[in-house]
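Inside the fold
Okay, here's what each chain looks like letter by letter:
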Amino acid sequence: LRNRSEQQFARMARATAAERKALASAAHAAKRGVPNSEEAMLKMAATRCRKVGPLEAEVKQCLEQAGIDCEEQFPIGKYNCDLLCTMGNRRIAVEVWGGGWHFHGEHRRRFPERTEHILCSDYSIVFLVICNGFRWNDVARKNLIANLYEICRLPAVCRQYRMIWGDSEHVTIGGLDDIKIALIKRSEEHTSELQS
C-alpha cells in the first residue's frame, strides 16, 4: 500500500504536461496578482528551495578551491543570496548574474530594495556579472577572489557592494547611498545594451 504522498507522486508521474497544468490552473488563478506576505517570504527563503544553476556551482567550486567557505542559497531575511562566503569575521553575499534578465523588468525594479536589505543586514555583496560579453574565465576568477580578499582586508568596508564585470578590468564599488549606479557599466561598448 502507498501513503497519500506516494499516491500523488505516482499520479503526477503518469500525467501529461497538459494534465498537470490543468490540475494547477485553479491554484494559479487564485494566487495570480496576490503578493506574498512577509511571513511567507521569510519561510520560502529559509527553505532554500531554489535550484542552484551550473554557473553558481562552478563559482562555488572555484571559491572553495581558493580556501573560501561557501554556502549555497543562504537566507538573509526574505531573500536568498546565491552564495554566502565566510572569511574570518566577514560575511559576503555573492550573487552570480549569468543572464541579462537581471538588468530588466522585475529583477531591475527589485534590485535597490533587495540590495539595501542585504547591506542593512550587515553583509557586503559581490555581484559577479557573467553575461553580455563578460566571460567566466581565469581573469574573472582572479577578479572575484581578489575583490573578496580586498573587502576582508579593509577594516572600514562594511555594507559595501562590488559589481565585478566578469573578465573585464571594471569593478563598480558603492554603498547604500548609490545602489542604482551599480547597474551602469561605464563602457561605450556595453552601456546601451545594459540600460535598454
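These lines cover the structure that appears in this document, whether it is placed above or below. (Residues numbered from 1 in each chain as written. Predicted model: local features only at pLDDT ≥ 70, side-chain atom pairs only at ≥ 80, totals over all residues. Heavy atoms only, no water.)

1. Focus: the pairing of strand 4 (residues 124-129)
So the rule is basically this: Burial classification: accessible surface area is computed with a 1.4 Å probe over protein chains only, and a residue below 20% of its type maximum counts as buried, one above 50% as exposed, and the rest as partly exposed. Note on conventions: DSSP H or I runs of at least 4 residues are helices, E runs of at least 2 residues are strands, and numbering of each starts at the N terminus. At least two bridges found by DSSP between two strands is the condition for calling them paired. Orient the strands so they point away from the viewer; a crossover is then right-handed if the path from the first strand over the helix to the second runs clockwise.
With respect to burial, strand 4 is a largely interior element, six of its six residues being buried. Judged by which residues are buried, strand 4 turns out to be covered on both faces: Ser124, Val126 and Leu128 on one side and Ile125, Phe127 and Val129 on the other are all buried. Inspection of the sheet shows strand 3 (residues 90-97) paired to strand 4 by six bridges, in the parallel sense. Looking at the pairing, Ala93 lines up with Ile125 of strand 4. Following the backbone out of strand 3, through helix 5 (residues 105-120) and into the adjacent parallel strand 4, one traces a crossover that is right-handed.

2. Considerations on the environment of Phe134
For Phe134, the location among the structural elements is in the loop between strand 4 and helix 6 (138-153). Under the relative-accessibility criterion, Phe134 is labelled buried at 4%. Sequence separation between Phe134 and Gly98 is 36 residues; the distance between their C-alpha atoms is 9.5 Å.

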